[in-house]
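Below are the chains, spelled out letter by letter.
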Amino acid sequence: MTRSAIALLIACLSAVLAASPLSGAPRPWSLVRGQSVIVVGQQSSKTLREVAVEIEQFKAAIGESIRGAGEPLTLPTVVYTFDDRKAMEPFVPLYRGKPAALGGFCRCGSPEGSFIAVSLSTYSDSSAIVFHEYTHLLVRQVTQNLPVWLNEGLAEFYSTFHLRNGAREAEVGVPIPEHVALLRRRYVPIAELIAVDQSSALYNESDRRSIFYAEAWALTHYLLMERPGGVAAVNTYVRAVAKGSNAIQAFADAFGATPTAMDEALQQYVRRPAFRSAIHTLAERIAVGEPEQAHVIPDAQAEAMLGTIQLHVGRMDEATSRIEAAAAAGPGLAQTQLALGLLRLEQSHPAQALPPLEAAARLAPDDFVAQYTFALTMLQQEGDHAPTSDDQRERAHAALTRAIAINPRSADALAWQAYADLLLNTRIPEARAAMVRAVELAPERPEYRLRLAEVYVRQGDHAHASTILASLAEHADAHVSQAARTLLTQVRAADRRREANAAAAVAAAYAVNSPRPAAGEREAGATESGAEALAPRAYVPLRPVRRGEERAYGELTQVDCSSAGVRLFLKVGTRTISTTAKLLADVIVTSFVDDNPSPLSCGTRVTPESVYMTWRTTTGARTGSAPIVGKAVAVEFVPKNAVPRRD
Ligand SMILES: [Zn+2]
């Protein structure tokens, strides 16, 4: 909303308040829906719509600079508008037992969704806090590993957002005088600034007047507004850091200068008499309902929603009485049941939360929030409490299916649906399609790629799974990299077992078609490792045995190389046979062992490997301790614990 619109609004409000009799009925609450916001207030439909348009446009403006930040959020952000601070007081967080002196705040990024509360009379002052926090929320969608300086720098940069020129343009990056004034007195080297993390003394989220905030803002402003190609470079930097690159190196790579080299330019920058700001020309159509689409909501619904704010700011006693009264007054309203369910969750009574949440989902089949909240609560019980039954999982799955029908672009809902499928071990192709889509929608979210890999593993598609897991194993987020490594180890172990089984299958085929070893002999490497080894699931494509050739399975013990030629020794059971070749290069070598791709060399094998050796039979003496059976044709290395079946 423009400052002039605010002024006009206040004038109108004063007129309305002056005209209304003090004993009159309370003003009803109305609601207007945008694409990603819901605005609730007692003001005119036109005012509520203006607020909705402004928040939607804010999102669009950020999305133009930070790739992905304008993407739809899973849950709509609910904005509550109050006439003034007094009206808002019952709903702000308490500070030392008293309502904090706030003109507006954002509870951004909680799993139940985000909400913003603002006092319209002080809007121009308090909107900076709201937009600062809302920026964090939107940027978090792109990456959760943003360096602290850039996270706060962007939040400060966008905190000055306002609409102008009849709401057709938005201005961001307006200079913040306190920051400029402070920076002209103090300066921290950029290398120090970008090394700051959550635990650094320089950083304290409650002190936005500190040198850290001032300089984070200035550096962001300088990069976005002053350096050529700055926006693209910031995106490059964000992505490099998200992938786990070293922050200093990523900085130098993205911005073409080391932090030290940039210090002087930044110091000069903050001494300038004037700063540029950025104007975004906004799209003609912003998906917000027209004022006439705002509708008055029942009192019980408004009370339930207001109680939910109190719940989220920790005013539990007030929240409890307000929500319970609302649920009693309007038991058939989805919103009162939803609020009651959230209250019970907050009170740590998840079992009592489910009935009202399920009622909300039933009462509002077309409401994403109701479906999604019910499904998540059901599925998240898994692990916290007794495991859910298949019936409960199916009900959660059904709610998610409705949620996805309402919002097909919700990566979170898709990911939860896949999770339900994995738990139920059913509809795995659906889970695969859901996760492929979720990754498309939110390519920067590593947890989606991890789940997609899980689905691939479940399908036995280890090749796709390994590719994803190998890249996630290096991810900056320690939880992600650890989970990826664990799963990758399991996949590789399974692959090795599978190769061994395949070798066993080939050996079995060979055993049927070849002369059996002498009675009492065991083939080399043979072990009895049970059913799994006897149930081969894959085929290792060994070279076919041609006419005039023979093949045996055993341990390659020695390769003698001399000017006279090459002699290869194979231990088969208790005896050793040998083959000859003119040159080692004449022997076809294949390896099915992944850590030993080219294994044939001259000498004694310190650890004899399991191989299939193929030779062309020659006539001649077959006597001695290692009779020559023919000319070596091929040596195929196979995994160690191959289990040739004996018949
Ligand atoms: Zn912040």
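What you are looking at is a predicted structure, and each value in this text was computed from that prediction instead of being measured. (Residues numbered from 1 in each chain as written. Predicted model: local features only at pLDDT ≥ 70, side-chain atom pairs only at ≥ 80, totals over all residues. Heavy atoms only, no water.)

Participant: Got a minute to help me understand the overall build of the protein chain in this structure?
Facilitator: For the protein chain, the helix and strand inventory stands at 22 helices and 17 strands. Evaluated residue by residue, the protein chain yields a buried proportion of 51% over its 647 residues. A separation of at least 24 residues holds for 66% of the contacts in the protein chain among residues at least 6 apart in sequence. When the accessible surface of the protein chain is summed, it comes to about 29,800 Å², and 53% of that surface belongs to carbon and sulfur atoms. (Helix = DSSP H or I, 4+ residues; strand = E, 2+ residues; numbered from the N terminus. Buried < 20%, exposed > 50% of the residue type's maximum accessible area, 1.4 Å probe, protein only. Contact = heavy atoms within 4.5 Å. Areas by Shrake-Rupley, 256 points an atom, 1.4 Å probe, with all protein chains shown as cover.)

Participant: When you look at the confidence of the model for the protein chain in this model, what are you seeing that I'm missing?
Facilitator: Note that predicted coordinates carrying low pLDDT should not be read in detail. Per-residue confidence for the protein chain averages 82 on the pLDDT scale, and 85% of its residues sit at or above 70. Helix H1 (residues 3-19) is the least confidently modelled element of the protein chain, averaging 43 in pLDDT, while helix H13 (residues 316-329) averages 97, the highest of any element. Long-range and interchain partners of residues 1-23, a stretch whose pLDDT sits below 50, account for 21 contacts in this model, where long-range means more than four residues apart. Across residues 514-539 the pLDDT falls below 50, and counting only partners more than four positions away or on other chains, this stretch makes 40 contacts in the model. (pLDDT = per-residue confidence, 0-100.)

Participant: Help me out: how do you make sense of the side chain of Gln417 in this one?
Facilitator: With respect to the helices and strands, Gln417 occurs in helix H18 (residues 411-424). With near-sequence residues (within four places) excluded, Gln417 lies in contact with His397, Leu400, Thr401, Ile404, Glu430 and Ala434.

Participant: Help me out: how do you make sense of the pairing of strand E9 (residues 169-172) in this one?
Facilitator: In regular strands, side chains alternate between the two faces of the sheet. Neither face of E9 is left uncovered, since the one carrying Glu169 and Glu171 and the one carrying Ala170 and Val172 both have all their residues buried. Alignment of strand E8 (residues 162-164) against E9, held across three bridges, turns out to be antiparallel. Bridge assignment links His162 to a residue of E9, and that residue is Glu171. Where E8 folds back on E9, the antiparallel hairpin that results is connected by four residues, among which Asn165 adopts a positive phi of roughly 55°. Across four bridges, E9 lies against strand E10 (residues 278-281) in antiparallel orientation. The residue of E10 that forms the bridge with Glu169 is Thr281. (Pairing = 2+ DSSP bridges.)

Participant: Looking at this structure, how should I read the packing of aromatic side chains?
Facilitator: Centre-to-centre distance and the angle between the planes together describe a pair of aromatic rings. Counting across every chain of the model gives 24 aromatic pairs. When the centroid spacing of 5.4 Å and the interplanar angle of 45° are considered together, the rings of Tyr237 and Phe255 count as tilted. Of this pair, Tyr237 sits in helix H9 (residues 230-242) while Phe255 is found in helix H10 (residues 247-255), placing the two residues 18 residues apart along the sequence. In this pair, the class of Tyr237 matches that of Phe255, namely buried. With 5.3 Å between their ring centres and 20° between their planes, Phe368 and Tyr372 make a pair best called stacked. Here Phe368 and its partner Tyr372 are both found in helix H16 (residues 368-384), four residues apart, which amounts to about one turn of the helix. We classify Phe368 as buried; its relative accessible area is 8%. Looking at Tyr372, the relative accessible area reads 5%, which means it is buried. An aromatic cluster is built from Phe58, Phe131, Tyr134, Phe157, Tyr158 and Phe161, whose rings are joined through pairwise contacts. Across the ring face of Trp416, the terminal group of Arg451 is positioned such that the distance to the ring centre comes to 5.8 Å. (Phe/Tyr/Trp six-rings, centres within 6.5 Å; stacked < 30°, edge-to-face > 60°. Lys NZ or Arg CZ within 6 Å of the ring centre and 35° of its normal.)

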